[in-house]
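# Per-entry structural report
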Amino acid sequence: MIPGARLILLGRQGAGKGTQCVRISRHFVVPHISTGDILRAAVRERTELGAIAKRVMDAGGLVGDEIMVGLVKERLNRDDARTRGYILDGFPRTVGQAVALDEITASRPIDVVLDLDVPRLLVLERITARRVCRDCGTNYVADHHERSPWICEVCGGEVMQRDDDTTEAINCRLDLYEEQTSPLIEFYGRHGRLAVIDGVGSPDDVFVRLITAVDDARRPG
Ligand code: AMP
């Protein structure tokens, strides 16, 4: 394994991207850059961006390209990303963002774009059961034993359902994915930078498929 890489992980929300990105970031020793996490931090800090983001996120919509591109440009310019690389999670989500990202990364292009492929019905089930620690972001799966309050095993924070994980907002996000984000599969496929990974299976199996695809794409010759 060669440390460092510039990677994108695409896929429907609920496909397990977040968890896999954390593992990939540890494996290749690169920062995990999640635009959803950046926006949620802004909401918690009650910044101007946070106020805009909260409205859009709760409705299951997309924050404007201009704002998102500015945030990512600033983040990719920091030392860790410049020297080691990164795994981008949740960005790009539109062709406009992908075109802007190509400009931002012109001197250090993306190594490989991974598309984590999980059918819509399956992700709908997974997101409905998703619970998240509001402090450290650890994901949990709700079962029939409701705990109240539900305390995070990692940090002791409160585990809850995300405000944007209502059935209405989930369906809106999945429709937006088909309309706005799925064209990226063709966009990156045309440039020969895409690896489509079957995201159905145990998290360990899916992780092995992902890192194998990265290693294959980066093998010289
Ligand atoms: P995520 O944690 O990636 O599921 O993102 C949560 C929400 O943040 C999304 O449903 C969008 O409202 C917003 N968001 C995150 N990344 C982007 C992006 N690249 N473009 C537009 N909106 C985004």
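As shown above, the structure is provided for reference.
So, here's what we can say about the structure. (Residues numbered from 1 in each chain as written. Predicted model: local features only at pLDDT ≥ 70, side-chain atom pairs only at ≥ 80, totals over all residues. Heavy atoms only, no water.)

### Details of the nonpolar core
Counting residues in hydrophobic clusters, the biggest one holds 26 residues, and the most contacted among them are Ile8, Leu39, Tyr86, Leu88, Phe91, Leu101 and Tyr188. For this core, the elements supplying multiple residues, two or more each, are β1 (5-10), α2 (35-44), α3 (48-58), α4 (65-76), β3 (85-89), α6 (95-104) and α9 (183-190). With five residues, the single largest contributor to this core is α4. Other than its neighbours up to four places away in sequence, Ile8 contacts Leu88, Phe91, Pro92, Leu101, Ile110, Val112, Val113, Leu114 and Tyr188. With 25 residues, the next largest nonpolar core counts Leu114, Val123, Leu210 and Ala213 among its residues. (Core = buried A, V, L, I, M, F, W, Y, C linked by side-chain atoms within 4.5 Å. Buried < 20%, exposed > 50% of the residue type's maximum accessible area, 1.4 Å probe, protein only. Helix = DSSP H or I, 4+ residues; strand = E, 2+ residues; numbered from the N terminus. Contact = heavy atoms within 4.5 Å.)

### Quick word on the pattern of salt bridges
Tallying each qualifying case throughout the model produces 18 salt bridges. Two residues, Arg40 and Asp37, come together in a salt bridge whose shortest N-O distance is 2.9 Å. You can see Arg40 and its partner Asp37 sitting in helix α2, three residues apart, about one turn around the helix. For Arg40, a relative accessible area of 24% gives the class partly exposed. (Salt bridge = Lys/Arg side-chain N within 4 Å of Asp/Glu carboxyl O.)

### So, the sheet that holds strand β8 (residues 194-198)
Taken together, five strands build an open sheet; the order of strands is β2-β3-β1-β4-β8 and the sheet is parallel. Lying at the two open borders of the sheet, with one neighbouring strand each, are β2 (32-34) and β8. Pairs of neighbouring strands in the sheet enclose a mean axial angle of 25°, with direction left out of account. Direction of pairing for β2 relative to β3: parallel, over a ladder of three bridges. Across the sheet, His32 pairs through a bridge with Ile87, a residue of β3. (Pairing = 2+ DSSP bridges. Axes fitted to C-alpha atoms, helices over the stretch in contact; angles between N-to-C directions.)

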